[in-house]
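Breakdown of the fold
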Amino acid sequence: MKKAYLGKNSILSQYFPKHTNFIELNIFDEASWQVIDDIDALFFYIPKKAGVLAQTKKFLLYCAYREIKHIVKLGSLGPFRLIHKQLDIFAKECGLNVTTLNIAPLMNSIFYEQYSKETLINYRGNTSAPYLDPQILIFTVNKVLGNAFYYDHELEITGDSQYFINDIALILDESGFPVKDIVNIPYSKTHDIDNRDADEILLSRLGKKYYEGWFPKISSTTKNHFKVTGRTFKDFVHEDRHLLNLSFLDDCFL
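The following refers to the structure shown.

Points about the environment of R231
Assignment of secondary structure puts R231 in the loop between helix 7 (221-225) and helix 8 (233-240). The class for R231 is buried, based on a relative accessible area of 13%. Each residue touching R231, except ones within four places of it in the same chain, is listed here: Y15, M107, D133, Q135, F236, E239 and D240. At 3.0 Å, the side chain of R231 and the side chain of E239 are in polar contact. Within the structure, R231 has its side chain in polar contact with the side chain of D240 (distance 2.9 Å).

If you want it as structure tokens, here you go:
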């Protein structure tokens, strides 16, 4: 089975094996889709930007036309689950075999989404998150892609511990990434969400639930099913600090 992976233009590329068959594909550039014409299984993620729901549906139709046997898609345990649930239903009606990995925020996302110039952005209010070790995500992707056992499954993939914003700030500070300020912002300000349509209106409302006490729970999928355990955030920062200043064009999409 010939497999292909989207991710060359994201930090995830640093965690895949060296022999990984990366492709460069833009959901919004239909001319780029031909890179999947001769593959059997595809790992991809979708941009968090306006119009992505309709455009990804067109891409899924293209995948069905090209008879892609299996798709592994990054989903979400946060507000963007709204978009992924709709895509999962559409993909099933297309006759595609899709596995959605509904993930907690990645540990490295803190460095391209929340931390900059000694300031830590907080869009979760007083709630926590089970931040996910990117090594565990890539391990899971490689276990699942092309495996018929996981066709039409949703898997919840999280870290093993909950971290509040003050926990993150303390670990960053102790690890040589000073935190002088924690700034609270609405969830909608972290992505391109501007109430242009019904989905965006609901995404904004779902984001506000963090401030009402909602948060993603810890999943035991990787520990019980795949027999792997992720690193603590402190160990992640210590071991991967050489990667933490790297940035890629697609990081904002994860």
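Some words on the pairing of strand 1 (residues 3-6)
One ladder, built from 3 bridges, connects strand 1 with strand 3 (residues 41-44); its direction is parallel. Across the sheet, A4 pairs through a bridge with L42, a residue of strand 3.

Some words on the pairing of strand 5 (residues 98-103)
Burial of strand 5 is extensive: 6 of the 6 residues sit out of reach of the surface. Bridge count for strand 4 (residues 70-76) against strand 5 is 6 bridges, and the pairing is parallel. Directly across from G75, in strand 5, lies its bridge partner N102. In this fold, the crossover linking strand 4 to strand 5 by way of helix 2 (residues 81-94) has right-handed handedness. In terms of strand pairing, strand 5 meets strand 8 (residues 154-157) through 4 bridges, oriented parallel. Bridged to I103 within strand 8 is I157.

Comments concerning the packing of aromatic side chains
All told, the structure shown has 19 aromatic pairs when counted by the stated rule. Ring geometry for F16 versus F22: centroids 5.5 Å apart, planes at 85°, classification edge-to-face. Since its relative accessible area comes to 6%, F16 is described here as buried. An aromatic cluster of three or more residues is present, and its members are Y5, F16, F22, F43 and Y45. For the cation-ring pair, K48 lies above F80, with the distance from its terminal atom to the ring centre recorded as 5.2 Å. Above the plane of the ring of F28 lies K49, whose end atom (NZ or CZ) is 5.0 Å from the centre.

Conventions and cut-offs
- Residues numbered from 1 in each chain as written.
- Predicted model: local features only at pLDDT ≥ 70, side-chain atom pairs only at ≥ 80, totals over all residues.
- Heavy atoms only, no water.
- Helix = DSSP H or I, 4+ residues; strand = E, 2+ residues; numbered from the N terminus.
- Buried < 20%, exposed > 50% of the residue type's maximum accessible area, 1.4 Å probe, protein only.
- Contact = heavy atoms within 4.5 Å.
- Polar contact = N/O pair within 3.5 Å; in protein donor to acceptor, adjacent residues only side chain to side chain.
- Pairing = 2+ DSSP bridges.
- Right-handed = clockwise from strand over helix to strand, strands pointing away.
- Phe/Tyr/Trp six-rings, centres within 6.5 Å; stacked < 30°, edge-to-face > 60°.
- Lys NZ or Arg CZ within 6 Å of the ring centre and 35° of its normal.

Read these as layout, nothing more, since geometry by itself doesn't imply function.
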